[in-house]
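Next come the chains, spelled out residue by residue.
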Amino acid sequence: MSARLQGLFLIALLIVGAWQGSAALATNVAERRLARIANLQALFDGRAARTVNFIEAHYLPADGALRMIGGILRWRVFRSGGPQVDVGCDDWLFFKEELRNWPDAEAHMRERVAGLGRIAARLAGDGIQLVVAPVPDKARVEAGALCGSHRTAQADQRYGALMRLLRDQGIATVELLAPLAAARAREPMFYRTDTHWNQTGAAIASKSVAEAVTAPIERRFGFHTEKATVETDWPGDLLRLMSLDATPDIWLKLRPRPDRQLVERTVATQRAESVGLLDEDPGDRIVLLGSSYALNANFHGRLQEYLRAPVDNLAEAGGGFAGSANHYFRGARFSETPPRLIIWEFPERALSPPLNADDRALLEFFQR
């Protein structure tokens, strides 16, 4: 390449860089961040420089495209899913948090389960039944697709240890691993490119939960589940963590193929026989707490269908072990209209990490 061409290339590169940098600084988010450090103190203590660096690292117009290109190269060349995703065989992806070791994992699990025991006892005293449903890891149910991915001994033994602790506390617990593993012999229970169970897995899990409920709730409402007639992609969260969720599917394979499904939805088909047209009686109040597993794949709809009762779904995406429970128990909704039954779902992997702010706030609340 001649010196003139190299010079032109360098100038073009500088122009593109200047455009990207100035465009990032002009975004609404960037302007709000910059407004907070528009003073001499922020300039001298380094906060202004850190803010500009953060903006340039996260809000470049080309950021999404650059991340996607990096994700494609990483997966195509190195068969890697990046820092958060492990690549199995046949386009199966796994969340690394399910596979890793956590320091003091057993102590963290014991502390959470001891807290659950206190909560269950307090609720029982108020005539409220608590049923907990730990969601087994995808890497446990779909272990045949792990192939070369390494799962630690700690992760391997976690579910059994958790179930023993829950039994020791006398907490009503739904064993979901056995029915999911049995059904896995026929078809997958989880999405290939997502951390969550698929619609079949959610239906089996919700049926197991409904069958485990012993509280004498009113099962007098009708629900029906119907499927879409056209198959669509399921936007797998693990593809998003690999920056491949917006990658086009063309003749050259640039990413693991997305999951496809006929989306299900559950609708109420009849009012309870004893409820008149002007009667607003909703039946016994049932509350569902939990994480994104209770929000995805029509778990909530299927649960209502199998219980034959309406369920308030208060689960929160990213809620982990105690996110939604902390907000519910400490809010007016619980104290003003206490339920008859609480179903609490949480992923088993959420029991191993150190307790977060929601976990501590909830456990302290029930120590009073």
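Preceding this paragraph is the structure being described.
Since the model is a prediction, treat every value here as computed from it, not as a measurement.

Draft legend 1. The pattern of salt bridges, seen in detail. Applying the stated rule across the entire model yields 23 salt bridges. In this structure, Asp91 and Lys253 form a salt bridge, with 2.7 Å as the shortest nitrogen-oxygen distance. Of this pair, Asp91 sits in the loop between β1 (85–87) and β2 (93–95) while Lys253 sits in the loop between α11 (237–241) and β6 (259–261), placing them 162 residues apart in sequence. The exposure class assigned to Lys253 is partly exposed, which follows from its relative accessible area of 37%. Between Glu142 and Arg184 there is a salt bridge, and its shortest N-O distance comes to 2.2 Å. In this pair, Glu142 sits in the loop between α7 (138–141) and α8 (153–168) while Arg184 sits in helix α9 (residues 177–184), placing the two residues 42 residues apart along the sequence. Classification of Glu142 by relative accessible area gives buried; the value is 1%.

Draft legend 2. Structural detail: the nonpolar core. The biggest cluster of nonpolar side chains holds 66 residues, and the ones touching the most others in it are Trp197, Leu307, Phe329, Ile342 and Trp344. Per element, the largest residue contribution to this core is 6 residues, and it comes from helix α6 (residues 105–125). Each residue touching Leu307, except ones within four places of it in the same chain, is listed here: Ala210, Val213, Ile217, Arg219, Ile286 and Ile343. Within the second largest apolar cluster, 11 residues are counted, among which are Trp75, Val85, Leu93 and Leu238.

Draft legend 3. Spatial organisation of the pairing of strand β10 (residues 341–347). Counting buried positions over the 7 residues of β10 gives 7, a clear majority of the element. The alternating pattern of β10 places Leu341, Ile343, Glu345 and Pro347 and Ile342, Trp344 and Phe346 on opposite faces, both of which are buried. Note that strand β3 (residues 129–135) and β10 share 7 bridges and pair parallel. In the sheet register, Gln129 faces β10, and the bridge partner there is Leu341. Pairing between strand β8 (residues 286–289) and β10: 4 bridges, direction parallel. Within β10, the position partnered with Leu289 by the bridge is Trp344.

Thresholds, definitions, all that
- Residues numbered from 1 in each chain as written.
- Predicted model: local features only at pLDDT ≥ 70, side-chain atom pairs only at ≥ 80, totals over all residues.
- Heavy atoms only, no water.
- Salt bridge = Lys/Arg side-chain N within 4 Å of Asp/Glu carboxyl O.
- Helix = DSSP H or I, 4+ residues; strand = E, 2+ residues; numbered from the N terminus.
- Buried < 20%, exposed > 50% of the residue type's maximum accessible area, 1.4 Å probe, protein only.
- Core = buried A, V, L, I, M, F, W, Y, C linked by side-chain atoms within 4.5 Å.
- Contact = heavy atoms within 4.5 Å.
- Pairing = 2+ DSSP bridges.

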